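Each chain, written out:
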Amino acid sequence: MTPQLSLHEEVASALAGGDPVVALESTILSHGLPPGRNLDVARRLEKVVRDGGAVPATIAVLDGVPLIGLTGEQLERVCAPGADLDKLSLRDIGPAVGLGRSGATTVASTAALAAAAGIGMFATGGLGGVHQGAAQSWDVSADLGVLAKVPTTVVCSGVKSVLDIAATLEVLETNSVPVLGYRTCEFPAFYLRSSGFEVPWRVDDAAQAAAVIAAHRAHASSGVLLANPIPEASEMDRELHDRLLAEGLELLKARGVHGKDVTPVLLEHFHTASEGVSLDANEALVLSNAELATSVAVALVKSAA
Ligand code: PSU
Ligand code: MN
């Protein structure tokens, strides 16, 4: 274990005992949900993991220290209204640590830090991917390249339809990342259950997912993507979704938003313009992903025993 990581005591003892641990990211809290709502969701996510029989490890960098598992106070700090944390992808971890800064971790950095700590299971909302127009802009999330290299399973609700979903799936294939649909043959599109794109593999329960993940780990060093569609009752109305998406894309163009600000600005637009409908959807899907990640983490420990 690297001394560059600080593991919460509870997480360290679960790992030492071979008990299930589920990593959670912090960018979704600091940049994806509004203050007030984010702390409530953060606490509920941790509770869902505990209720399912695993230990939650929310990951963030505070004052230059990568933390694997946060105390209640640290979680409040990440979610505080004026926290103004940087959004840290994996390439930003070195600078943040070296300069003693604080920031929230994305899928890329959370997956890498989790793997370094010995945690193989990670739940989040949406994965970053290939942006539309990437052939010109080269905007491809580092999430994809990192999943190629770290043996972490990411449970998410696919990617947002603002991305080029077909290209995202191609890049995952190139990077040897298996994509498993959970009780679906279609890749989910975050707020919507279906994207029209097929997934190569389907699993129907936690035990099947665990069997695939264990076998993958024996043969490859890349991560696994377990794609879990948003619960039916919380799926967004497609018309509302398409309208917000079109508006959001216009907004990005008009304001000249690019790079790492794209997702936060777009999410903000969805949340304000839908008067909270997208927030409820976002919350429902991430809680459902935490629940699924927990049952797969528990199944993995059982199958290894
Ligand atoms: N997708 C969402 N909500 C999010 C993100 C993605 O629906 O909060 C965040 C995640 O932390 C993800 C990151 O890892 O955005 C990807 O950012 P970028 O495209 O700049 O790599
Ligand atoms: Mn990008």
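Remember, predicted model here, so these are calculated numbers, not experimental data.

## A word on the overall build of the protein
Then, in step 1: Scanning the protein from N- to C-terminus turns up 13 helices and 11 strands.
Then, in step 2: The C-alpha atoms of the protein give 18 Å as radius of gyration, which agrees with the globular expectation for 305 residues (19 Å, within 12%).
Then, in step 3: Projected onto the principal axes, the alpha-carbon positions of the protein cover approximately 50 × 40 × 35 Å.
Then, in step 4: When contacts within the protein are restricted to residue pairs at least 6 apart in sequence, long-range pairs at least 24 apart make up 73% of them.
Then, in step 5: Carbon and sulfur atoms form 53% of the exposed surface of the protein, whose accessible area is close to 13100 Å².
Then, in step 6: The average position of the 21 basic charges and that of the 35 acidic charges among the side chains of the protein differ by 2 Å.

## Here's the deal with helix H4 (residues 72-79)
Then, in step 1: Where H4 is concerned, the buried positions are Leu75, Val78 and Cys79. Down the axis, H4 shows its buried residues gathered within 90 degrees of arc, on one side only.
Then, in step 2: Where H4 is buried, its residues meet helix H2 (27-30), helix H3 (37-51) and strand E3 (55-62).

## Points about the environment of Gly98
Then, in step 1: Tracing the backbone through its elements, the reader meets Gly98 in helix H5 (residues 90-98).
Then, in step 2: It is 6.7 Å that separates the C-alpha atoms of Gly98 and Gly64, two residues lying 34 residues apart in sequence.

## Notes on the nonpolar core
Then, in step 1: Core analysis: the biggest nonpolar cluster contains 103 residues, and Leu225 and Val296 have the highest contact counts within it.
Then, in step 2: A total of 12 residues in this core trace back to one element, the largest contributor, which is helix H13 (residues 277-304).

## Some details on the packing of helix H12 (residues 262-273) against H13
Then, in step 1: Between H12 and H13, the least distance of the axes is 5 Å, while the angle of their chain directions is 120 degrees. Of the possible angle classes, the one that applies to H12 and H13 is oblique. Together, Leu267, Phe270 and His271 of H12 and Ser278, Leu279 and Asn282 of H13 make up the contact between the two elements.
Then, in step 2: Broken down by class, the residue content of the contact of H12 with H13 amounts to 3 nonpolar, 3 polar and no charged.

## Thoughts on the domain arrangement of the protein
Then, in step 1: For the protein, the domain assignment lists domain 1 (1-119) and domain 2 (120-305).
Then, in step 2: The straight-line distance from the C-alpha centre of domain 1 to that of domain 2 is 19 Å.
Then, in step 3: Between domain 1 and domain 2, the residue contacts involve 35 residues of the former and 32 residues of the latter.
Then, in step 4: Considering only the surface of domain 1 that becomes buried against domain 2, Arg37, Lys87 and Val107 emerge as the three largest contributors, covering 21% of it.
Then, in step 5: On inspection of domain 1 and its partner domain 2, the count reaches 3 salt bridges.
Then, in step 6: Here Arg37 and Asp280 are joined by a salt bridge, their closest N and O atoms 2.6 Å apart.
Then, in step 7: Here domain 1 is connected to domain 2 by 10 residue pairs in polar contact (both at pLDDT 80 or more).
Then, in step 8: Counting only elements with at least two residues in the side of domain 1 that touches domain 2, the list comes to strand E2 (21-24), H3, H5 and helix H6 (107-117).

## What about the pairing of strand E8 (residues 153-156)?
Then, in step 1: Every second residue of E8 is oriented toward a common face, with Thr153 and Val155 on one face and Val154 and Cys156 on the other, all of them buried.
Then, in step 2: Here strand E7 (residues 121-123) pairs with E8 via 3 bridges, running parallel. From the neighbouring strand, Ala123 faces E8, where its bridge partner is Val155.
Then, in step 3: Bridge analysis of E8 against strand E11 (residues 224-227) gives 4 bridges, and the strand direction is parallel. Opposite Thr153, over in E11, you have Val224 as the bridge partner.

## Things to note about the packing of aromatic side chains
Then, in step 1: On inspection of all chains with the given rule, the structure shows 2 aromatic pairs.
Then, in step 2: Note on Tyr191 and Phe270: the rings are 5.0 Å apart at their centroids and 15 degrees apart in plane angle, and the pair reads as stacked. Of this pair, Tyr191 sits in the loop between strand E9 (179-182) and strand E10 (201-203) while Phe270 sits in helix H12, and the two are 79 residues apart along the sequence. We note that Tyr191, like Phe270, is buried.

## Digging into the site of ligand 1
Then, in step 1: The environment of ligand 1 is formed by 15 residues, the closest being Glu25, Val107, Ser141, Asp143 and Lys160.
Then, in step 2: One of the backbone nitrogen or oxygen atoms of Val107 is found 2.8 Å away from an oxygen atom of ligand 1.
Then, in step 3: Contacts to ligand 1 include Ser141, whose side-chain N or O atom sits 2.7 Å from an oxygen atom.
Then, in step 4: The protein chains hide 92% of the 470 Å² of surface that ligand 1 would expose on its own.
Then, in step 5: Elements that contribute at least two residues to the shell around ligand 1 include exactly H2 and H12.
Then, in step 6: A class-by-class count of the residues in the shell around ligand 1 yields 4 nonpolar, 6 polar and 5 charged.
Then, in step 7: Shared between two domains, the shell around ligand 1 takes at least three residues from each, and those domains are domain 1 (1-119) and domain 2 (120-305).

Conventions and cut-offs
Residues numbered from 1 in each chain as written. Chains lettered and ligands numbered in written order. Predicted model: local features only at pLDDT ≥ 70, side-chain atom pairs only at ≥ 80, totals over all residues. Heavy atoms only, no water. Helix = DSSP H or I, 4+ residues; strand = E, 2+ residues; numbered from the N terminus. Rg over C-alpha atoms; globule rule 2.2 N^0.38 Å. Contact = heavy atoms within 4.5 Å. Areas by Shrake-Rupley, 256 points an atom, 1.4 Å probe, with all protein chains shown as cover. Lys, Arg positive; Asp, Glu negative; His and termini not counted. Charge placed at Lys NZ, Arg CZ, Asp CG, Glu CD. Buried < 20%, exposed > 50% of the residue type's maximum accessible area, 1.4 Å probe, protein only. Arc of directions from axis to C-beta. Core = buried A, V, L, I, M, F, W, Y, C linked by side-chain atoms within 4.5 Å. Axes fitted to C-alpha atoms, helices over the stretch in contact; angles between N-to-C directions. Parallel < 35°, antiparallel > 145°, perpendicular 65-115°, else oblique. Nonpolar A, V, L, I, M, F, W, Y, C, P; charged D, E, K, R; others polar. Domains from an automatic or database assignment. Buried area = accessible area lost by both parts, 1.4 Å probe. Salt bridge = Lys/Arg side-chain N within 4 Å of Asp/Glu carboxyl O. Polar contact = N/O pair within 3.5 Å; in protein donor to acceptor, adjacent residues only side chain to side chain. Pairing = 2+ DSSP bridges. Phe/Tyr/Trp six-rings, centres within 6.5 Å; stacked < 30°, edge-to-face > 60°. Near = heavy atom within 4 Å.

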